[in-house]
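What follows is each chain in one-letter form.
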Amino acid sequence: LRVEYILVISLVILFGFIFMKQPNDIKSIESNSTKELYFKDLSLIGLSEKGVENRLISSSVIKYRDYFEFKDINATYKREHNLLANRAIYRDRLVSMEGNISLQRSDGFSFIADKLLFNIESKLLYAESDFQLDINGSSVSGKNLHYNLEREEVHADFIKAMLTF
């Protein structure tokens with residue numbers, strides 16, 4: 001499975017748990033805050049015949065009028081892929097993650113970045129900060145990773161690679 005697919009699948013699962021069903025729009029009677037809803041220590045799980053298959057944990061989730069903000073994200077997909085990030089914002093079909101983003105698989109694959117942006121509509125993924133990819137003893141690092149899921153095109157700048165065969 002390609003690195004880009006794992007990353008995108010993890011992001012889709014992460015936000016799929018939260019946004020599959022839209023809550024009813026209930027207007028507050030009196031409020032000076034832009035916060036509409038607040039969850040502390042949120043945990044969402046996806047069950048299958050095997051037990052807990054997918055999991056999303058966040059220390060806090062705040063729904064503002066036009067976006068959601070997540071903090072301290074820990075998402076697991078199919079018990080094999082684990083995604084961690086300090087903060088994420090979901091706004092207008094755009095997912096923005098920042099702070100110690102780490103995607104790890106049970107087979108030793110690891111992807112690390114500081115900022116990540118995923119456009120759900122256009123299926124474009126951007127890691128405009130430095131990134132590091134490790135798998136099977138090989139390592140690839142660089143900047144400005146752009147991945148088009150539709151065309152399966154990957155571009156990056158300043159690539160440094162150490163490949164082990």
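Presented here is a report on the structure given in the accompanying data block. (Residues numbered from 1 in each chain as written. Predicted model: local features only at pLDDT ≥ 70, side-chain atom pairs only at ≥ 80, totals over all residues. Heavy atoms only, no water.)

## Observations concerning the overall build of the protein
- Counting its secondary structure elements, the protein contains one helix and nine strands.
- Shown N-terminal to C-terminal, the secondary structure of the protein runs as helices and strands in the order α-β-β-β-β-β-β-β-β-β.
- Sorting the 165 residues of the protein into buried and exposed places 38% on the buried side.
- Across the protein, contacts joining residues at least 24 apart in sequence account for 35% of those joining residues at least 6 apart.
- When the accessible surface of the protein is split by element, carbon and sulfur atoms take 51% of a total near 10400 Å². (Helix = DSSP H or I, 4+ residues; strand = E, 2+ residues; numbered from the N terminus. Buried < 20%, exposed > 50% of the residue type's maximum accessible area, 1.4 Å probe, protein only. Contact = heavy atoms within 4.5 Å. Areas by Shrake-Rupley, 256 points an atom, 1.4 Å probe, with all protein chains shown as cover.)

## Describing the sheet that holds strand S1 (residues 35-48)
- The nine strands are arranged S1-S2-S3-S4-S5-S6-S7-S8-S9 in an open sheet whose pairing can be described as antiparallel. Strands at the two margins of the open sheet, each flanked by one partner only, are S1 and strand S9 (153-162). Each strand of the sheet is rotated relative to its neighbour by a mean of 15°, with strand direction disregarded.
- Pairing analysis gives eight bridges linking strand S2 (residues 51-64) to strand S3 (residues 68-77), with the strands arranged antiparallel. Bridge assignment links Lys-63 to a residue of S3, and that residue is Phe-68. (Pairing = 2+ DSSP bridges. Axes fitted to C-alpha atoms, helices over the stretch in contact; angles between N-to-C directions.)

## Regarding a nonpolar patch on the surface
- On the surface, Ile-45, Leu-47 and Val-52 cluster together into a nonpolar patch covering about 290 Å² of accessible area.
- Inspection of the secondary structure puts Ile-45 in strand S1. (Patch = residues over 30% accessible without salt bridge, like charges linked within 9 Å, V, L, I, M, F, W, Y side chains within 5 Å. Salt bridge = Lys/Arg side-chain N within 4 Å of Asp/Glu carboxyl O.)

## What to know about the nonpolar core
- Core analysis: the largest hydrophobic core is formed by 27 residues, its most contacted members being Ile-73, Met-97 and Phe-111.
- At the level of elements, S2, S3, strand S4 (81-91), strand S5 (94-105), strand S6 (110-119), strand S7 (124-135) and strand S8 (138-148) are the ones that each hand at least two residues to this core. (Core = buried A, V, L, I, M, F, W, Y, C linked by side-chain atoms within 4.5 Å.)

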